[in-house]
Amino acid sequence: MSARQLHLNLFVYPGGHHEAAWRHPASAPDRVLDLAYYQGLARAAEAARFDAVFLADGPSLADNIRYATRFRLEPFTLLSALAASTERIGLIGTASTTYSEPYDLARLFAGLDHLSGGRAGWNIVTTGAPGAAQNFGLDEHPTHADRYARADEFLDVVTALWDSWEDGAVVADPGSGVFADTARIHTIDHVGTRFRVRGPLNTPRTPQGRPVYVQAGTSQDGRAFAARHAEAVFAAHQTLADAQEYYADLKARAAALGRDPDRVLVLPGISPYLGSTEAEAKALQRELDELTQPAYSIDLLRRLLGVELREDQLDEPFPREAVVVAGDRAESSRFRLVLDIVDRERPTSRQLLHRLAGARGHKLVAGTPEQVADLLETWFTRGAADGFNVMPPYLTGGFDAFVEHVVPILRARGLFRHEYTGTTLREHYGLDRPASRFAAAPSVTSSPSPALEGALA
C-alpha cells in the first residue's frame, strides 16, 4: 500500500450540490431539516472511513432560495448532534471572521473539539456575500482586502485563546484541593487594530490543542492567508494544469514562511456523476441540468459576472465582452474561475449555467466508477491534490454510489485507507498537535498572579 493516502471529505449541502437536486425523484427535500438525515450521511461517511464531514455556512440568506435548497443550518448545533452519533469522523464547520467575534468563536470550537473527542475543524471564511452587512448593522460590506486583514488578526487572537490553557493546567487533585494550576493559564492581552481581548479562554485546552484550520479561496489574498495559517485548503479548479499551478504555488508559499508544505493539504472539490457507462452518467447530468430554472441562472450570472441576460439569449455564445474586470468582484477567486471557463471553452450562456449549476465552479466528472477513480488518482499523483471534497450532485444516492463503486477501486489501488489509524481529525490528516505558545512558562501552583486571579474570577 502506498505510504501517501488520499484524504476524502463529504461536503454536505442540503439535498445535494446540484442546484436542482431537490427536484430530482431520487432526492428527499422533505428531509433537509431532519436530524436523522444528516446523522445517516455522517455515519455512512464514517463507515467508508472518510476523513471528515464538512458543512458550509454563511450569515445571510442565499439569493437562490426561491429555486434551490440553499438555506443555512447553524453548524455548531448540527455538528454537535453529529458528534454524538459518530465516533471517529472529523467535523468541519464554517464560521466567518468578518461577522464573528474571536472570543465567542474560540469558545464554540473549543466546545465542539472537547465534546467530539478532538474531531473539530474550522473552515475559515471572510464572507463574500454583500447582503450579510445589513444583518450586522453595517451599511456596506467590507472590501476584500479589509476582510482578509481582519481575518489575519482574528486568527492571531483565537490561536492565542486556544493556547491560553497549557496542557496539564487541569490538575483535578482531590488530595491537595487544587483543581487548576493557574500558573498554566494565561491572559493573552491582545491589543490590535481591530480587537482588544484580554483572555484567557474560559475552557481548558482541547484534545487537538486547537481545531484544524481549514480555508477556501484561490485569490492572491486567499493564497497568502492559506500559506500563513491553513492546514487544509479547499480549492476549486477546472483543469489539471490549473490545479497543479495552485498546488505548487501554495506549497512554495508555505515553505517560504518556514512551514512544512506537506502539512498544508490541498483538497479540491469534485462532484461525481456515476453510471455503469459514461453515456449513462452523462444522461444523469443532463437530467439534473434540465431541471434548472432559467430565472435563477440569469440572476446567478448577474451576481457572479455582472452581466444581465434575457432568457431568449441563453442559447447564444456568452457575451465575454460584457464582463468588466474591475473592482471588488474581480478580486474574487470564483469570478476568476468562471471567467476562465468562458475564455477556455467559449460556451453558450446555457452551457455555462449548467456548468455552474452542478457545483458552483468545482470540478464535475461524469463517467464510470473507473473513470472517476482515474481522475482522482491522476490529480493525486501528479501534484494537483492531496485529497478531495466529495460533492455529491444529489443526496443521498449520489454519495451512496460513490462509496459503493469508487471507494473500493481507490482501496484496491492502495490510495485510500481501509481503517482509521487515529481518533482525531489531526490524526486523520497526518497533522501534528500544536503546542501552546505558553508551554515554556514555569509552573508555580502556589502563587498565581493577582491579574490572572481576577481574570478567572
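Residues numbered from 1 in each chain as written. Predicted model: local features only at pLDDT ≥ 70, side-chain atom pairs only at ≥ 80, totals over all residues. Heavy atoms only, no water.

### A few points about the packing of helix H5 (residues 220–229) against helix H6 (residues 240–256)
Quick reminder of the rule: For helices, the axis comes from a line fit to the C-alpha atoms of the stretch in contact; other axes are also lines fit to C-alpha atoms, and the angle between any two N-to-C directions lies between 0 and 180 degrees. Strands are runs of DSSP state E lasting at least two residues, helices are runs of H or I lasting at least four, and both sets are numbered from the N terminus onward. An angle below 35 degrees is read as roughly parallel, one above 145 as roughly antiparallel, one from 65 to 115 as roughly perpendicular, and any other as oblique. It is the rotation of the near helix from the far one that decides the hand of a crossing: anticlockwise by less than a right angle makes it left-handed, clockwise makes it right-handed. Whether two residues touch is decided by their heavy atoms; if any such pair falls within 4.5 Å, the residues are in contact.
For the pair H5 and H6, interaxial distance at closest approach is 8 Å and the crossing angle is 50°. It follows that H5 is oblique to H6 by the angle criterion. Two packed elements cross with a definite hand, and for H5 against H6 that hand is right-handed. In contact with Gln220, Arg223, Ala224, Ala226 and Ala227 of H5, H6 contributes Glu245, Tyr246, Asp249, Leu250, Arg253 and Ala254.

### Quick word on the pairing of strand S4 (residues 120–125)
This is how it is decided: Each residue is placed in one exposure class: buried if its accessible area under a 1.4 Å probe, protein chains only, is under 20% of its type's maximum, exposed if it is over 50%, and partly exposed if it falls in between. Pairing between strands requires that DSSP locate at least two bridges from one strand to the other. The handedness of a crossover follows from its direction of travel: if, with the strands pointing away from the viewer, the path from the first strand over the helix to the second runs clockwise, the crossover is right-handed.
For S4, the buried fraction is high: five of the six residues fall into the buried class. Inspection of the sheet shows strand S3 (residues 90–96) paired to S4 by six bridges, in the parallel sense. In the strand pairing of S4, Ala95 is matched with Ile124. Of the crossover connections in this fold, the one passing from S3 over helix H3 (residues 102–116) to the parallel S4 is right-handed. One ladder, built from four bridges, connects S4 with strand S9 (residues 212–216); its direction is parallel. Bridge assignment links Asn123 to a residue of S9, and that residue is Val214.

### Observations regarding the environment of Glu231
Within the secondary structure, Glu231 is located in the loop between H5 and strand S10 (232–235). Once the C-alpha coordinates of Glu231 and Phe71 are considered, the two residues, 160 residues apart in sequence, prove to be 28 Å apart. Ignoring any residue separated from it by four or fewer positions in sequence, one finds Glu231 in contact with Pro211, Val212, Tyr213, Arg259, Arg263, Val264, Leu265, Arg426 and Leu431.

### Notes on the confidence of the model for the chain
We apply this condition: Confidence of the prediction at every residue is given by pLDDT, a number between 0 and 100.
Per-residue pLDDT for the chain has a mean of 91; in total, 94% of the residues score no lower than 70. Contacts for the low-pLDDT stretch residues 443–451, under 50 throughout, to residues beyond four places or in other chains number nine contacts. Within the model, pLDDT remains below 50 along residues 453–457, and this stretch shows eight contacts once partners closer than five positions in the same chain are excluded.

### A look at unusual backbone geometry
Going from Gly199 to Pro200, the amide bond is cis rather than trans, its omega being 0°. Within the secondary structure, Pro200 is located in the loop between strand S8 (196–197) and S9. Here the residue pair Leu395 and Thr396 is connected by a cis peptide bond, since its omega of 10° sits within 30 degrees of zero. For Thr396, the location among the structural elements is in the loop between strand S13 (387–390) and helix H12 (397–412). Located in the positive-phi region is Ala172, a residue other than glycine, with phi close to 50°. Locating Ala172 in the fold gives a position in strand S5 (residues 170–173).

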